[in-house]
Amino acid sequence: FTERYQTDTLNKIAQMVQTFSKVLDTEKLERINSLDDFMNDDYLSIRDQAHSALNYNRDKWNEGYYVALYKVRDDQVYSIMYYNDQVGQYPFVDYMDKGSYFYQIYNEGKTLTDKISSFEGDYLYGMGPVYNKEGKIVAIIEVGTDMYGFMEENLKLVKSLFIETLTMLVIL
């Protein structure tokens with residue numbers, strides 16, 4: 001059940017990555033180039049478009065989802081926006097190594113999904129290119145979700161099934 005849920009969620013995330021990348025105003029996105037652009041009009045507009053794409057996390061279907069945006073400069077990846085505004089603009093994220101997801105997305109135009117566990121939690125996420133009107137990749141978008149809620153519900157289900165099974169065995 002868990003594997004099927006994760007596969008379905010990753011497919012949904014891939015669709016979200018491809019859809020959300022088309023709703024961003026790439027002219028404004030391209031003008032975000034330095035720390036001075038953090039929370040300026042272009043930044044706030046892109047931020048609102050990202051939040052709007054997830055309906056501001058108001059619904060059950062998008063409750064735990066987030067969006068992040070990255071740019072590549074001098075073969076290095078920098079974050080320019082996180083959904084929760086937790087990280088300021090332009091911290092270094094990664095190098096553009098040929099085997100990295102960022103390289104495959106930025107140089108080959110791929111949309112990729114994966115799951116990761118870290119000290120922050122368990123996540124399912126997808127990443128893909130953001131194209132401007134000329135067809136050039138100008139950013140990388142990431143959409144993902146925290147698995148905490150799913151794991152909690154799964155644990156409740158297992159406990160419930162255990163109690164029901166134990167009750168039936170006692171009655172028999």
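Everything here concerns the structure above.
An account of the accompanying structure is given in this report. Everything numeric in this text was worked out from a predicted model, so none of it was measured. (Residues numbered from 1 in each chain as written. Predicted model: local features only at pLDDT ≥ 70, side-chain atom pairs only at ≥ 80, totals over all residues. Heavy atoms only, no water.)

1. Focus on the overall build of the protein chain
So, point 1. Looking only at helices and strands, the protein chain features five helices and six strands.
So, point 2. Its helices and strands in sequence order give the protein chain the pattern α-α-α-β-β-β-α-β-β-β-α, from N to C terminus.
So, point 3. The buried share of the protein chain, reckoned over its 172 residues, is 40%.
So, point 4. Long-range contacts, defined as pairs at least 24 residues apart, comprise 50% of the intrachain contacts of the protein chain with a sequence gap of at least 6.
So, point 5. Accessible surface computed for the protein chain: about 10400 Å², of which carbon and sulfur atoms make up 53%. (Helix = DSSP H or I, 4+ residues; strand = E, 2+ residues; numbered from the N terminus. Buried < 20%, exposed > 50% of the residue type's maximum accessible area, 1.4 Å probe, protein only. Contact = heavy atoms within 4.5 Å. Areas by Shrake-Rupley, 256 points an atom, 1.4 Å probe, with all protein chains shown as cover.)

2. Some points on the pattern of salt bridges
So, point 1. Applying the stated criterion across every chain yields a total of five salt bridges.
So, point 2. Across the pair Lys 115 and Glu 3 runs a salt bridge, and its minimum N-O distance is 3.9 Å. In this pair, Lys 115 sits in strand 4 (residues 112-118) while Glu 3 sits in helix 1 (residues 2-23), placing the two residues 112 residues apart along the sequence.
So, point 3. Owing to a relative accessible area of 42%, Lys 115 belongs among the partly exposed residues under this scheme.
So, point 4. Looking at Glu 3, the relative accessible area reads 51%, which means it is exposed.
So, point 5. For Glu 108, the salt bridge goes to Lys 110, with nearest N and O atoms at 3.4 Å.
So, point 6. You can call Glu 108 partly exposed: its relative accessible area is 45%. (Salt bridge = Lys/Arg side-chain N within 4 Å of Asp/Glu carboxyl O.)

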